[in-house]
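# A structural walkthrough
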Amino acid sequence: MKFYSTNNTSTRVSFKEAVFNSMPQDKGLYMPVSIPRLDDKFLNNLDEYTLPEIAFHVAKNLLGDDIPENDLKDIIEDAINFYAPVVELEENVYVLELFHGPSLAFKDFGARFMSRVMSYFLEEGEKQLDVLVATSGDTGGAVALGFLGVPNTRVTILYPKGKVSGIQELQLTTNGQNIRAIEIDGTFDDCQSLVKQAFTDPELNEKFRLTSANSINIARLIPQTFYYFNAYAQLLKEGQSNVVFAVPSGNFGNIGAGLLAWKMGLPVDQFIAATNANDTVPEFLKTGVYQPKPSVQTISNAMDVGNPSNWVRIADLFKGDEGKLKRLITGFSFNDSETREAIEKIHSSYNYIACPHTAIAWQALKDWQQDQPTGKTAGIFLSTAHPCKFPDVLPAHIAKAIQIPEEVKELEGKTKHAAALGTDFEGFKRYLLENN
Ligand SMILES: *Cc1c(COP(=O)(O)O)cnc(C)c1O
């Protein structure tokens, strides 16, 4: 499969080039030249396949011969080595738990697949790959664990001091090996701006082979389509074939992958885009005007995005048919007090604990269902992170009740190792040059 840039549809690059470049020079995003529909035999019998089998089928459909079948199977089995169960909470309300990977967030799907694809394409004798990643919390952990121990790669994570949760910080700073962390005395935007400057600095680019692991990389998007098919398969087993997905959204990579799955033939009539107060997309769906704004801080901070970078991909999927886009996606946004209320309601109704991002998706699904004829459609809301990653924003009585996974208990005994830097680029550059 070849890829083009959303800013220049006559560009053609290989999958390998799209993965290592992350973003085309013209600042568009890579998209597959065609999105083939999966064969009917597969689509009609999804319930007979396991998650790795589904993943292989879907990846193969999109990538063609870019990676030979056996290698692709190995990559998938190594990357997607955890479950994505759908759990019923009440009639027609299901949660798709995407937090059973090593960093306890759905970003493990994208980061683990991408790291293995990059390592696969790195040829013997090639220069070490230096992955720079700015994180507001979840991306850094997933990328770190995705690349941990991967030969010929090194990851440098920048995170804003004091602005990630305790568990997130331990996930970023206790890995050792080929992973290092820098705490920046600033905001997430400062971290991102340092990374961006590094990519345009001639001296650093001369010295290092820099690449980015952020969510716009096409190799992070593709594996996120897998769990939509797998979730649908799980409901098929229960005799449900009318399904809607509610997706907690920030950069719109996750829901973008859902729409890509739809384009490949996943029979879903409706996607619900759920945001916090950063409501650029719900506003667009309501008014028809796409107006990016500066992000505002909320308790669901992994979704604090005012100008979602993956939106151009979604627009590209529906170019020439904006009406279809507006019929297929419904938007909802909720503020922090509504988010807290949703967390309380989920806990009291089902004795289930949702992280703030997940709670927003649940509320959006419930609001959407209110306006629908009852009984026909099963709603699946995506749970993007384990609640133990956000104890400080949950009400105390709920935070206390969280069952802490074993791997988190192990983390708690480890020591943090992080360099501490300010927000000036010269200081960051000096650190990179001196710590080679
Ligand atoms: C990254 C993240 C999101 C937002 O996902 P997008 O793909 O950026 O829309 C939602 N929830 C959690 C927990 C996240 O880490």
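Bringing the site of the ligand into the picture now. Around the ligand sit 15 residues in total, of which Lys107, Asp138, Gly250, Asn251 and Thr384 are the nearest. Within the contact set of the ligand, an oxygen atom lies 3.2 Å away from a backbone nitrogen or oxygen of Gly253. Considered on its own, the ligand offers 380 Å² of accessible surface; in the complex 96% of this is hidden by protein. Across the shell around the ligand, the residue classes break down as 6 nonpolar, 7 polar and 2 charged.

A word on the sheet that holds strand 12 (residues 329-333). In a beta sheet, neighbouring strands are held together by backbone hydrogen bonds and run either parallel or antiparallel to one another. Taken in spatial order, the 6 strands line up as 4-5-13-10-11-12 in an open sheet, and their pairing is mixed. Both edges of this open sheet fall to strand 4 (86-90) and strand 12, since each of them pairs with a single strand only. Looking at each pair of strands side by side, their axes are set apart by 25° on average, direction ignored. Looking at chain direction, strand 10 (residues 243-248) and strand 13 (residues 378-383) are connected through 4 bridges and run parallel. In the sheet register, Val244 faces strand 13, and the bridge partner there is Gly379. In the packing of helix 11 (residues 253-263) onto the sheet, the strands contacted are strand 10, strand 11 (270-275), strand 12 and strand 13, and the crossing angle to strand 11 comes to about 175°. The sheet strands contacting helix 12 (residues 280-287) are strand 11 and strand 12, and the helix crosses strand 12 at an angle near 125°.

This brings us to the packing of helix 3 (residues 51-63) against helix 4 (residues 69-79). Direction vectors running N to C along helix 3 and helix 4 enclose 130°, while the axes themselves pass 10 Å from each other. In terms of orientation, helix 3 lies oblique with respect to helix 4. Every pair of crossing elements has a handedness; the one defined by helix 3 and helix 4 is right-handed. Contacts between helix 3 and helix 4 pair Pro52, Ala55, Phe56, Ala59, Lys60 and Leu63 from the former with Glu69, Leu72, Lys73, Ile76 and Glu77 from the latter.

A word on the sheet that holds strand 14 (residues 419-421). The 5 strands are arranged 9-6-7-8-14 in an open sheet whose pairing can be described as parallel. The open sheet terminates on both sides in strands that have one partner only, identified here as strand 9 (209-212) and strand 14. The sheet shows a mean angle of 25° between the axes of neighbouring strands, direction not considered. Across 6 bridges, the pairing between strand 6 (residues 129-134) and strand 7 (residues 153-160) is parallel. The partner of Ala134 across the bridge, within strand 7, is Leu158. Packed onto the sheet, helix 7 (residues 166-173) meets strand 7 and strand 8 (179-184) and runs at close to 155° relative to strand 7.

Once that is clear, we can look at the nonpolar core. Phe15, Tyr228, Phe229 and Phe245 are the most contacted members of the largest nonpolar core, which totals 98 residues. Looking at this core element by element, the count peaks at 12 residues for helix 10 (residues 218-237). Not counting the four nearest positions on each side in its chain, Tyr228 is found in contact with Phe245, Val247, Asn254, Ile255, Ala257, Gly258, Ala261, Leu266, Phe271 and Leu382. Phe99, Ile167, Leu170 and Trp362 belong to the second largest nonpolar core, which has 35 residues in total.

About the criteria used
Residues numbered from 1 in each chain as written. Predicted model: local features only at pLDDT ≥ 70, side-chain atom pairs only at ≥ 80, totals over all residues. Heavy atoms only, no water. Near = heavy atom within 4 Å. Polar contact = N/O pair within 3.5 Å; in protein donor to acceptor, adjacent residues only side chain to side chain. Areas by Shrake-Rupley, 256 points an atom, 1.4 Å probe, with all protein chains shown as cover. Nonpolar A, V, L, I, M, F, W, Y, C, P; charged D, E, K, R; others polar. Pairing = 2+ DSSP bridges. Helix = DSSP H or I, 4+ residues; strand = E, 2+ residues; numbered from the N terminus. Axes fitted to C-alpha atoms, helices over the stretch in contact; angles between N-to-C directions. Contact = heavy atoms within 4.5 Å. Parallel < 35°, antiparallel > 145°, perpendicular 65-115°, else oblique. Left-handed = near helix turned anticlockwise from the far one by under 90°. Core = buried A, V, L, I, M, F, W, Y, C linked by side-chain atoms within 4.5 Å. Buried < 20%, exposed > 50% of the residue type's maximum accessible area, 1.4 Å probe, protein only.

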